[in-house]
Amino acid sequence: MTKSELIARLAARHPHLVAADAELAVKTILDAMTQSLVEGKRIEIRGFGSFSLNFRPPRVGRNPKTGEKVHVDGKYVPHFKAGKELRDRVDYGE
Amino acid sequence: MTLTKAELATLLFEKVGLNKREAKEMVEVFFEEVRTALEQGDSVKLSGFGNFQLRDKPQRPGRNPKTGEEMPITARRVVTFHASQKLKAMVEEAHVGTRSE
């Protein structure tokens, strides 16, 4: 499912709204989630999961072409942990 | 300091002009549609944000950490999230030079 398919499904479930509202709603939600992570603020969606940042410590890497050692700075990367309902629903039935 | 469904609903009320009930429902349905797609084995690609994918993990040996007893961890399907290049770059840039959580 792509973003445009998601927008179409949301619009179909809300016939009283104009399609542009579903599109703006999806954009607003994803922009807010992006902005939250950019600010280092976690996201917690009960039943879906949580997004947070993980720190990758600085390390000495190598330029794969020249074999030369290079310093790689530490950085933060986004991380998702699925919530219980999502985990249970995607897993095979017991 | 956490973004939650309530905060997202407030944004839909303010920025999209949905009424409070519609805004709350739209947030609910947004995540429900993603869950439904994943439940049906369909990956979800939200360009600019990231992709949710499914991975089938085979059974592997494990232990009950309390008793030390050996018991297999059953085969399962799990969700993984891969942030888009854009999201990764924005997060990285915003935290350049910071190290503490």
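Refer to the structure presented above.
Now for a look at the structure at hand.

This paragraph deals with the overall build of chain B. When helices and strands are tallied, chain B shows three helices and six strands. In chain B, the order of α-helices and β-strands from amino to carboxyl end is β-α-α-β-β-β-β-β-α. Dimensions of chain B, computed from the C-alpha atoms along their principal axes, are close to 55 × 40 × 30 Å. Among the 101 residues that make up chain B, the fraction classed as buried is 34%. A sequence separation of at least 24 residues applies to 30% of the contacts in chain B between residues at least 6 apart. Charge-centre separation for chain B: the mean point of 17 positive side chains lies 4 Å from the mean point of 15 negative side chains.

Right, let's talk about the overall build of chain A for a bit. The number of helices and strands found in chain A is three helices and five strands. Element order for chain A, N to C, with α for helix and β for strand: α-α-β-β-β-β-β-α. A compact globule built from 94 residues would reach a C-alpha radius of gyration of about 12 Å, whereas chain A, at 19 Å, exceeds it by more than 25%. A principal-axis box enclosing the C-alpha atoms of chain A has dimensions of 60 × 40 × 30 Å. Across the 94 residues that make up chain A, the buried fraction comes to 40%. Sequence-distant contacts, at least 24 apart, represent 29% of the contacts inside chain A between residues at least 6 apart. Total accessible area computed for chain A in this model is approximately 5600 Å², and 51% of it derives from carbon and sulfur atoms. For chain A, the centre of its 17 positive side-chain charges and the centre of its 12 negative side-chain charges are spaced 6 Å apart.

Another aspect to go through is the pattern of salt bridges. Applying the stated criterion across every chain yields a total of 14 salt bridges over all chains. Taking the shortest distance from any N to any O, the salt bridge between A:Lys84 and A:Asp88 comes out at 2.6 Å. Linking A:Lys84 with A:Asp88, this pair stays in helix α3 (residues 84-90), spanning four residues, or about one helical turn. Take A:Lys84: its relative accessible area is 56%, and that puts it in the exposed class. A salt bridge links A:Glu85 to B:Arg35, with the nearest nitrogen and oxygen atoms 3.6 Å apart. With one member in each of two chains, A:Glu85 in helix α3 and B:Arg35 in helix α2 (residues 20-39) form a pair that bridges those chains.

Turning our eyes to something else, we now look at the side chain of B:Thr80. All names here are of chain B. Structurally, Thr-80 can be placed in strand β6 (residues 76-83). Here His-82 takes part through its side chain, which lies 3.5 Å from a polar atom of the side chain of Thr-80. If sequence neighbours within four positions are ignored, Thr-80 has contacts with Asn-51, Phe-52, Gln-53 and Arg-55.

Strand order in the open sheet made by the four strands is β5(A)-β2(A)-β1(A)-β1(B), with mixed pairing throughout. In this open sheet, the two strands that pair with only one neighbour each are β5 (75-82) of chain A together with β1 (2-3) of chain B. Relative to the sheet, helix α3 (residues 85-94) of chain B contacts β2 (49-56) and β5 of chain A, its axis offset from that of β5(A) by approximately 125 degrees.

A few words on the nonpolar core. Core analysis: the largest hydrophobic core is formed by 48 residues, its most contacted members being A:Met33, A:Phe48, A:Phe51, A:Phe80, B:Leu12 and B:Phe52. At nine residues, α2(B) tops the list of elements feeding residues into this core. Once you skip the residues sitting within four places of it in the chain, B:Leu12 turns out to touch A:Ala25, A:Thr28, A:Ile29, B:Gly17, B:Leu18, B:Ala23, B:Met26 and B:Val27.

Attention shifts here to the packing of helix α2 (residues 19-38) of chain A against α3(B). Between two packed helices, both the angle of their axes relative to each other and the distance between the axes serve to describe the pair. It is the contact of α2(A) with α3(B), at a shortest axis distance of 8 Å, that shows an interaxial angle of 35 degrees. Contacts between α2(A) and α3(B) involve A:Thr34, A:Leu37 and A:Val38 from the first element and B:Leu87, B:Met90, B:Val91 and B:Ala94 from the second. For the contact of α2(A) with α3(B), a count of residues per class yields six nonpolar, one polar and no charged.

Moving on, we come to the sheet that holds strand β2 (residues 44-46) of chain B. Residues and elements named next belong to chain B. Strand order in the open sheet formed by three strands is β2-β3-β6, with antiparallel pairing between adjacent strands. The open sheet has two edge strands with one neighbour each: β2 and β6. On average, adjacent strands in this sheet sit at an angle of 25 degrees to one another, irrespective of strand direction. Direction of pairing for strand β3 (residues 50-57) relative to β6: antiparallel, over a ladder of eight bridges. The partner of Gln-53 across the bridge, within β6, is Thr-80.

What counts, and at which threshold
- Residues numbered from 1 in each chain as written.
- Chains lettered and ligands numbered in written order.
- Predicted model: local features only at pLDDT ≥ 70, side-chain atom pairs only at ≥ 80, totals over all residues.
- Heavy atoms only, no water.
- Helix = DSSP H or I, 4+ residues; strand = E, 2+ residues; numbered from the N terminus.
- Buried < 20%, exposed > 50% of the residue type's maximum accessible area, 1.4 Å probe, protein only.
- Contact = heavy atoms within 4.5 Å.
- Lys, Arg positive; Asp, Glu negative; His and termini not counted.
- Charge placed at Lys NZ, Arg CZ, Asp CG, Glu CD.
- Rg over C-alpha atoms; globule rule 2.2 N^0.38 Å.
- Areas by Shrake-Rupley, 256 points an atom, 1.4 Å probe, with all protein chains shown as cover.
- Salt bridge = Lys/Arg side-chain N within 4 Å of Asp/Glu carboxyl O.
- Polar contact = N/O pair within 3.5 Å; in protein donor to acceptor, adjacent residues only side chain to side chain.
- Pairing = 2+ DSSP bridges.
- Axes fitted to C-alpha atoms, helices over the stretch in contact; angles between N-to-C directions.
- Core = buried A, V, L, I, M, F, W, Y, C linked by side-chain atoms within 4.5 Å.
- Nonpolar A, V, L, I, M, F, W, Y, C, P; charged D, E, K, R; others polar.

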